Amino acid sequence: MSVLLYLLIRLSQRLHLPVDHAWTQAGLVSLVLIGLLRGRWATLPLLGLGTFGMLQLQASSGLAALSQTLNALLAGAAAHAFLLRQDFKQSLDDSRDHELGLVACLLIAAPLAGLLPLMPGIEGFEHRWTAWRSEPAAAGLTLLFRWAASSTALTLTLPLVLSLHPRPGSTREPASTGAIAAALALTLCLASSWLLHWPPLPALWLVLLTLLAWQSPPWISSLAALAVATSLGLHHGAEGLAEAMEHGDEPPLEMACELLAAAMLPMIVQLMRARQRQQLQQWQTLFDAGGLGLMVWRASEQLPRLSLRWQALSGHRGGKDLEQWLEHAHPLDRPRVAQAQERLLQSEDGDAQSANVELRVRPAGEWRWLHWHAQVMERDTYGHPALMVASLRDITSLKVAREREQLSAHLFQTVHEGILVSDPQHRVVDMNPSSCAILGRDRESLIGTPCLLVDPELLQHNGIQPDALTEALSHQGQWEGPLRLRNAKGQTKVLQVRLTLLHDDDGLLRYHVFALQDRTQEEWQQNQLLRQNQFDALTGLPNQASFVVQLGQALELARSEGFMLCVCNLDLDHFSAINERQGRPAGDQTLVEMARRLRSSLRRTERWTDQLARIGGDGFALILRCRNAEEARLALARLLDVVRAPLYDIAPGSPLHLTASLGATLFPQDASDTETLMRHAAHALYRVKRSGRDGFELFDTDKRQRSEAKVLALGRMQEALDLGELQLHFQPKVDLRRGKVLGMEALLRWHDPERGLLLPGHFLPLVEHTGLGVRIGDWVIEQALKQAEQWAADGRPLRIAVNVTARHLQSPDFAQRLDELLARHRPGLARLLMLEVLESAALADVAATQRLIEHCRGLGVQFALDDFGTGYSNLSYLKQLPVDLLKIDRSFVQQMLSDAHDRALVEGVISLARTFGCDVIAEGVESSAHAQALLALGCEQGQGHGIASAMPAELVPIWVQAFERSPDYDGRISVPAPMSEFAPAGQA
């Protein structure tokens, strides 16, 4: 600043101006103002001393130096106070700072600096004051000149000094190519003016000065303006300034205007540039507020312009190389952005105008995702990019959200748990593949349809009340529970469903989210584990632990309903020999087949069923429901018959014959607990094994007495057979439609001398499970053949039906003995013999029974299934048996007139007989109404007390003759008078 002041003083001397000229005073004011701006008020005394000393060096009088010093301090302090109040920034980056600088120079500092000649004590003051009083116009012109000169000096020195010594934070702009060219041209003009004394060309200089000020920093344009002002001062001083001074006149106003224009032009241009930069900064601020960083690159400028947001995002503060801002980018992303940027800078018209790249940048220790977008905005005349604008936007949160969305979408598609989303009206919005697989439907067919998971019928079927579900959702926001349903593919699914409500930001319900866990396999595994714990792995029957539970439940039911239970313990005889001879696989196969047989022989109803379990090895346990002890004995005997049936396909070559020992106890006669009942059944089984096996025994406290009575009874039956006390009675079978006798059923009777005529129920159960029962069965067949042969010889060939017990039928040599019995009589007699067997006995071993029937039919003997429809067996096996006749059990026929269920059963058996291709006969025809009803259903054969009771053989011809001679038979049956006396005792 001191150097500048010294040059100004020397310039005033060269122009023949006194040292108190306005230029010198303006320089002093500039010195004070700059000092105050740099050092604040604390530097004011030092500035005053420096100014006073410098004026003394220029040979100024003490009073004049003091006056000029005070004037400079006053002007500088006033301008500084004004700028300080207006928050002036010395970097001059804002247009407001330029405006404040002009106001301070032109309106505050310059007027105060120009008042110096009017102050008393200044050299020539009296002369000038007298002259100005005599010529006021000249005085005003002089003041105007001094104001212009002071303003020129201030506007030249203020930006120059502030630019040469910038404050921290201000920026220096490099001079562009146009500024260098304008500076060279201006230098030539100034050199020619000084060296060749050419007159200055203000218009040309102003143009060059304007161009230089527009494209260069403030300090360059300020120096250029100072050079122009100096040139103008030299020109005027050489020609007219000295002449004006010789006459005591002030310098011409033209010179002041030119100097003022040259001084103000750079600052005005810089003011315009500052406003332009301010507008750009405002736009950058708007973009920064929106999170968008900008970089503006012009081909005519050396440095790209970077917004603060760009610098913050990229971590780059500026540089000449466009790729320098990538120094903090990820190494994998940097080449992609550099190549895209290079393609844009080398592109031509018609090429791509923009580029977009996502990259990672770490400006401050944390990687951030940025979106870089660059676009060519202007091109030069050759089509090359002249202006490119690039932007940076932080997309880290968007990237994270996008990745989370992709992750959520991936999880939604791949998660094993089913997810189904519905709207507030329970219409399906979306569902993942797992839920499609669980429900057995594709996604497109379910979108927009009502959600079946909240179907009221399905919920109620699973024991869930829809109101309870709605209440749980309203209070807890979710509901969880199991659902069992059948999907579209017919598969039963067990689901664990969690229903959650999803609300928007305003608290309104948007979606229902169903999370479905398929527990079908888990439940199956649990059932399998439960089955392993409760069921036998080989046969699938309940094991001993499960049987104990079943027995306890059956006892409670028996106590409440008052029925009898038969608890049985069955053990196969000599089963270990099968494992030894045939091997373990054959033994296992035998157990499986025996379990199947025993299971098929159990009785089943809608309310109850008999129970069967395997309690270890070759032992089985059963729970049978019965009405009395006699029914229990019949059931036990039937079980033994089931076991005795031959087993085929077990041992190679020949069928396998097994027997069983069976012990049982009856509840409530044996009013014991579960464990005791099983122990009593085991005791009874042990006694059977000790007595020779192949039989059953009921546990009883009076066992010895009953055993003795049984032995005596068996002996008495053997005696009755030997003494001929056993005889056959015959009950007719008739054609209800034509009134013809079709045959007779042979029924065993015992004429006990002491007890009279005994029906089979009084003695047959005692011998059926023994070998004596087989012998009695052979005797009955032989007597029936003899009677049929006699009636045939008398001209009445009647077919006689004989009941065969299960043990008799399943004895190994039954077919052989039948052949022997038929061989004792005349040929062809076999066609008059029909064997009636209970369906349970026939179906105990279907294959063996089928072979026996085929053998007998080959001899001419026919077969009938007795008491058909009692429900002891599986009807699916009947189609395998080539029987000739089905007998409808009397219990159904007797109640068919009053019970619709029995009538339906009778009709079903008749229809079944037609399907099997065999005849059907109804037992228990008690009246003409029964006969008419049977005829209406299609059953034309009948047997019962309404037709005739069982009668001795000698009365059969008399009854047949009386029955067939009834005139005009119309289906109404009646008992002939001579036979009525047999009706009361004629039960079969």
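Residues numbered from 1 in each chain as written. Predicted model: local features only at pLDDT ≥ 70, side-chain atom pairs only at ≥ 80, totals over all residues. Heavy atoms only, no water.

## Describing the sheet that holds strand E2 (residues 305–306)
Spatial strand order, E2-E1-E5-E4-E3: five strands in an open sheet with antiparallel pairing. Single-partner strands in this sheet number two, and they are E2 and strand E3 (354–361). Pairing analysis gives two bridges linking strand E1 (residues 292–298) to E2, with the strands arranged antiparallel. Paired with Met-295 across the two strands is Leu-306, which belongs to E2. (Pairing = 2+ DSSP bridges. Helix = DSSP H or I, 4+ residues; strand = E, 2+ residues; numbered from the N terminus.)

## Topic: the environment of Trp-325
With respect to the helices and strands, the residue Trp-325 is situated in the loop between helix H12 (308–314) and helix H13 (334–345). Spatially, the C-alpha atoms of Trp-325 and Leu-313 are 10.0 Å apart, while their sequence positions differ by 12 residues. The residues contacting Trp-325, other than those within four sequence positions of it, are Trp-310, Ser-314, His-316, Val-337, Gln-341, Leu-359, Trp-372 and Leu-392. A polar side-chain atom of Trp-325 sits 3.3 Å from a polar atom in the side chain of Gln-341. (Contact = heavy atoms within 4.5 Å. Polar contact = N/O pair within 3.5 Å; in protein donor to acceptor, adjacent residues only side chain to side chain.)

## Concerning the pairing of strand E19 (residues 799–804)
Taken residue by residue, a regular strand's side chains alternate between the two faces of the sheet. Across four bridges, strand E17 (residues 740–752) lies against E19 in parallel orientation. The residue of E19 that forms the bridge with Met-744 is Ile-800. Summarising the sheet, E19 and strand E20 (residues 833–838) pair through five bridges and their orientation is parallel. When the sheet's bridge partners are listed, Ile-800 is paired in E20 with Leu-833.

## Section: the pattern of salt bridges
For the structure on display, the rule yields 39 salt bridges. Its salt-bridge partner being Arg-644, residue Asp-641 comes within 2.7 Å of it at the nearest N-O pair. With a gap of three residues between them, Asp-641 and Arg-644 both fall in helix H23 (residues 629–644), about one helical turn apart. Two residues, Arg-716 and Glu-725, come together in a salt bridge whose shortest N-O distance is 3.0 Å. (Salt bridge = Lys/Arg side-chain N within 4 Å of Asp/Glu carboxyl O.)

## Thoughts on the side chain of Ser-422
Among the secondary structure elements, Ser-422 is positioned in strand E6 (residues 418–422). Exposure remark for Ser-422: the relative accessible area of 0% places this residue in the buried category. Those residues in contact with Ser-422 that lie beyond four places of it in its chain are Arg-427, Val-428, Val-429, Arg-510, Tyr-511, His-512 and Phe-514. (Buried < 20%, exposed > 50% of the residue type's maximum accessible area, 1.4 Å probe, protein only.)

## Remarks on the environment of Ala-792
Examined against the element boundaries, Ala-792 turns out to sit in helix H27 (residues 771–793). Sequence separation between Ala-792 and Leu-832 is 40 residues; the distance between their C-alpha atoms is 9.1 Å. Discounting residues that sit within four places of it in the chain, Ala-792 has contacts with Pro-797, Arg-826 and Leu-832.

## Considering the packing of helix H21 (residues 575–582) against helix H22 (residues 584–600)
The packing of two helices is summarised by the inter-axis angle and the distance between the axes. Running from amino to carboxyl end, H21 crosses H22 at an angle of 140 degrees, the nearest separation of the two axes being 6 Å. Taken together, the axis directions place H21 and H22 in an arrangement best described as oblique. The segment H21 lies against H22, with Phe-575, Ile-578, Asn-579 and Gln-582 engaging Arg-584, Ala-586, Gly-587, Thr-590 and Leu-591. Grouping the amino acids of the contact of H21 with H22 by side-chain chemistry returns four nonpolar, four polar and one charged. (Axes fitted to C-alpha atoms, helices over the stretch in contact; angles between N-to-C directions. Parallel < 35°, antiparallel > 145°, perpendicular 65-115°, else oblique. Nonpolar A, V, L, I, M, F, W, Y, C, P; charged D, E, K, R; others polar.)

## Observations regarding the pairing of strand E4 (residues 368–379)
Taken together, the eight bridges between E3 and E4 define a ladder with antiparallel strand orientation. Across the sheet, the residue bridging to Val-357 is Trp-372, located in E4. Adjacent in sequence and paired antiparallel, E3 and E4 are bridged by six residues, among which Gly-365 carries a positive phi angle near 85 degrees. In the sheet, E4 pairs with strand E5 (residues 385–394) via nine bridges, with the strands oriented antiparallel. Paired with Gln-375 across the bridge in E5 is Val-389.

## Looking at the sheet that holds strand E11 (residues 564–572)
Read across the sheet, five strands follow the order E12-E13-E11-E14-E15 without closing on themselves; strand pairing throughout is mixed. Edge strands, defined here as strands with exactly one partner in the open sheet, are strand E12 (611–616) and strand E15 (695–698). With strand direction ignored, the average angle separating the axes of adjacent strands in the sheet is 20 degrees. For E11 and strand E14 (residues 660–667), the ladder comprises eight bridges, and the chain directions are antiparallel. Its bridge partner lying in E14, Asn-569 is registered against Gly-663. Across the face of the sheet, helix H20 (residues 544–561) comes into contact with E11, E12, strand E13 (619–626) and E14 while running at roughly 15 degrees to E13. Here H23 sits on the sheet and contacts E11, E13, E14 and E15; the angle it forms with E14, its principal contact strand, is near 160 degrees.

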